[in-house]
Amino acid sequence: MSERILIVEDEPIIADDIERVLSIHNYEVAGKAYSSTKAIDMLNSRYPDLVLLDIALKGDKDGIDIAHIIRNTYKIPFIYLTSFSDKLTLERAKPTMPYGYIVKPFKDKDLLTTIEIAIYRYTAEKNMHILLKDKVDSLMDQQLTNMEFKIVELIWHGKSNKEIGDELFISLNTVKTHIKNIFIKMEVKSRNELIVRLR
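Rules of the game
Residues numbered from 1 in each chain as written. Predicted model: local features only at pLDDT ≥ 70, side-chain atom pairs only at ≥ 80, totals over all residues. Heavy atoms only, no water. Axes fitted to C-alpha atoms, helices over the stretch in contact; angles between N-to-C directions. Helix = DSSP H or I, 4+ residues; strand = E, 2+ residues; numbered from the N terminus. Parallel < 35°, antiparallel > 145°, perpendicular 65-115°, else oblique. Left-handed = near helix turned anticlockwise from the far one by under 90°. Contact = heavy atoms within 4.5 Å. Nonpolar A, V, L, I, M, F, W, Y, C, P; charged D, E, K, R; others polar. Phe/Tyr/Trp six-rings, centres within 6.5 Å; stacked < 30°, edge-to-face > 60°. Buried < 20%, exposed > 50% of the residue type's maximum accessible area, 1.4 Å probe, protein only. Pairing = 2+ DSSP bridges. Right-handed = clockwise from strand over helix to strand, strands pointing away.

Student: In this structure, what is going on with the packing of helix H6 (residues 146–156) against helix H7 (residues 161–168)? I would like to understand it.
Tutor: Each pair of packed helices can be summarised by the angle the axes make with each other and by the distance between the axes. Their axes nearest at 10 Å, the elements H6 and H7 cross at an angle of 130°. Classified by the angle their axes make, H6 and H7 are oblique. When the axes of H6 and H7 are compared, the crossing they make is right-handed. Seen from H6, the contacting residues are Met147, Lys150, Ile151, Leu154 and Ile155; seen from H7, they are Ile164, Glu167 and Leu168. Residue composition of the contact of H6 with H7, grouped by class: six nonpolar, no polar and two charged.

Laid out in structure tokens, this is it:
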């Protein structure tokens, strides 16, 4: 089954060109959205597996705003397409954790390679998530909350308390409180003990 890709690009000529490249290489185009409003509508109705997302979009939201929605609500991979590679744009884009960042104009090969790597990474992360969840569930009688499990995953990936707070949009004190509860439930005293227990 080929992946369904949503193209969010406000330049119709570029969107059509991307659609042509994807079709030639057996990807299914879930739709083409030329504005943030249409992008949200298509995310709800077209069920894409991956989104190609222009940062500079027409409408009340730009691509980075849409990326936050994708990450928090749809939990599917997205790749930024942009003419902007300045530091300010990069700093805004980084916390959304994109699966790729392609600067226009780009070559077909660059686009296809980035899509392939994004899909591979997303599949690997999903499999790791399932394995980690099974391991956590097998180790404890008392279940972790969804937020606690997200924090365990981020600890597993080596994130600091500050990085966890930034990614989950919670305060440092809230992160520390959750970690304290996780340690009690998992019967460990440190991050190292937690990681050893999960291996």
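Having seen the structure, we can now continue with the description.
Student: Which parts of the structure should I look at to understand the packing of aromatic side chains?
Tutor: Any aromatic ring pair is given by two values, namely how distant the centres are and how the planes are angled relative to each other. On inspection of all chains with the given rule, the structure shows three aromatic pairs. Each ring, one from Tyr80 and one from Tyr101, has its centre 6.0 Å from the other, and the planes form 75°; the classification is edge-to-face. Of this pair, Tyr80 sits in strand E4 (residues 78–82) while Tyr101 sits in strand E5 (residues 101–103), and the two are 21 residues apart along the sequence. Note on Tyr80: relative accessible area 0%, which makes it buried. Among the residues examined, Tyr101 registers a relative accessible area of 25% and is labelled partly exposed. Seen from their ring centres, Tyr99 and Tyr122 are 6.2 Å apart, and the 70° between their planes marks the pair as edge-to-face. With Tyr99 in the loop between helix H4 (87–93) and E5 and Tyr122 in helix H5 (residues 108–139), the pair connects residues that are 23 residues apart, well separated along the chain.

Student: What's the story with the pairing of strand E1 (residues 4–8) in this structure? I'm lost.
Tutor: Every other side chain in a regular strand lies on the same face of the sheet, so the side chains alternate between the two faces. Burial analysis of E1 places four of its five residues in the buried class, which makes it a mostly covered element. Pairing of E1 with strand E2 (residues 28–33), which is carried by five bridges, proceeds in the parallel orientation. When the sheet's bridge partners are listed, Ile5 is paired in E2 with Val29. Handedness of the E1-helix H1 (residues 12–24)-E2 crossover: right-handed. Sheet analysis places E1 next to strand E3 (residues 50–54), joined by four bridges and oriented parallel. Residue pairing across strands places Ile5 opposite Leu50, the latter belonging to E3.

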